Amino acid sequence: MKKFFWIVSAVCIFLCGAVLHISYGASGGAAWSLIVSSINNSPWELVKPFVLVYIMWSFIELSILRPSLLHFVCGRIISLHFFTIVSSSILCYVNDEWINFAVIFSVTVISELLCHVMYSAKCRTELFFVPIIISFGILFFCILFCSFYPLPIIHFKVKS
């Protein structure tokens, strides 16, 4: 099971992220859904619920797989950055909702595979633990605040 758990992870992250994606409209605009859901059609907002699920799913993977903690966390954060940067960059140029979800699913599968390969190959990512953790803190700060105060770059512009 551990060998192909990355496939299960990718599917679960995508399905749970899709549920969070629609939670703003389904909840009637509740305050909690502003933080976890997509509130507009910008690439950042489309990726945000999937990033949050990606982070939460990491705890599930830790409890099921019981990997080496430091090594796993470093690989997971690197693959999270890969997922966030690549998917939001591609979504800047896509206007169809179905293609958006196809891109997010594809990048989720690739980033899960990347995490699995980095962990299995025993890449020494833990040597860069401090910068990796700092970069995760910056990403988490962006998740919490960039919905309310978006930066003036293309990733935060609402697509028409």
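Details of the structure are given in the entry above.
Residues numbered from 1 in each chain as written. Predicted model: local features only at pLDDT ≥ 70, side-chain atom pairs only at ≥ 80, totals over all residues. Heavy atoms only, no water.

**Details of a nonpolar patch on the surface**
Next, step 1: Among the surface-exposed residues, Phe4, Ile7, Val11, Leu15 and Phe105 lie close enough to one another that they form a single nonpolar patch of about 440 Å² accessible area.
Next, step 2: Of all the elements, helix α1 (residues 5-21) adds the most residues to the nonpolar patch, at three residues.
Next, step 3: Looking at the element boundaries, Ile7 is found in helix α1. (Patch = residues over 30% accessible without salt bridge, like charges linked within 9 Å, V, L, I, M, F, W, Y side chains within 5 Å. Areas by Shrake-Rupley, 256 points an atom, 1.4 Å probe, with all protein chains shown as cover. Salt bridge = Lys/Arg side-chain N within 4 Å of Asp/Glu carboxyl O. Helix = DSSP H or I, 4+ residues; strand = E, 2+ residues; numbered from the N terminus.)

**Thoughts on the environment of Gly75**
Next, step 1: Tracing the chain through its elements places Gly75 in helix α5 (residues 69-91).
Next, step 2: For the pair formed by Gly75 and Thr125, sequence separation is 50 residues and the distance between their alpha carbons is 6.6 Å.
Next, step 3: Those residues in contact with Gly75 that lie beyond four places of it in its chain are Cys115, Met118 and Thr125. (Contact = heavy atoms within 4.5 Å.)

**Here's the deal with the side chain of Glu61**
Next, step 1: For Glu61, the position within the fold is in helix α4 (residues 43-65).
Next, step 2: Glu61 sits in the buried class, given a relative accessible area of 4%.
Next, step 3: One polar contact links Glu61 to Ser9, side chain to side chain, over a distance of 2.6 Å.
Next, step 4: Contact partners of Glu61, with chain neighbours within four places excluded, come to Phe5, Ser9, Arg66, Pro67, Phe72, Arg76 and Glu112. (Buried < 20%, exposed > 50% of the residue type's maximum accessible area, 1.4 Å probe, protein only. Polar contact = N/O pair within 3.5 Å; in protein donor to acceptor, adjacent residues only side chain to side chain.)

**Concerning the side chain of Ser88**
Next, step 1: Mapped onto the fold, Ser88 is located in helix α5.
Next, step 2: A distance of 2.6 Å separates a polar atom in the side chain of Ser88 from the backbone oxygen of Thr84.
Next, step 3: Beyond its immediate chain neighbours, meaning those up to four positions away, Ser88 contacts Pro43, Val47, Phe83 and His155.

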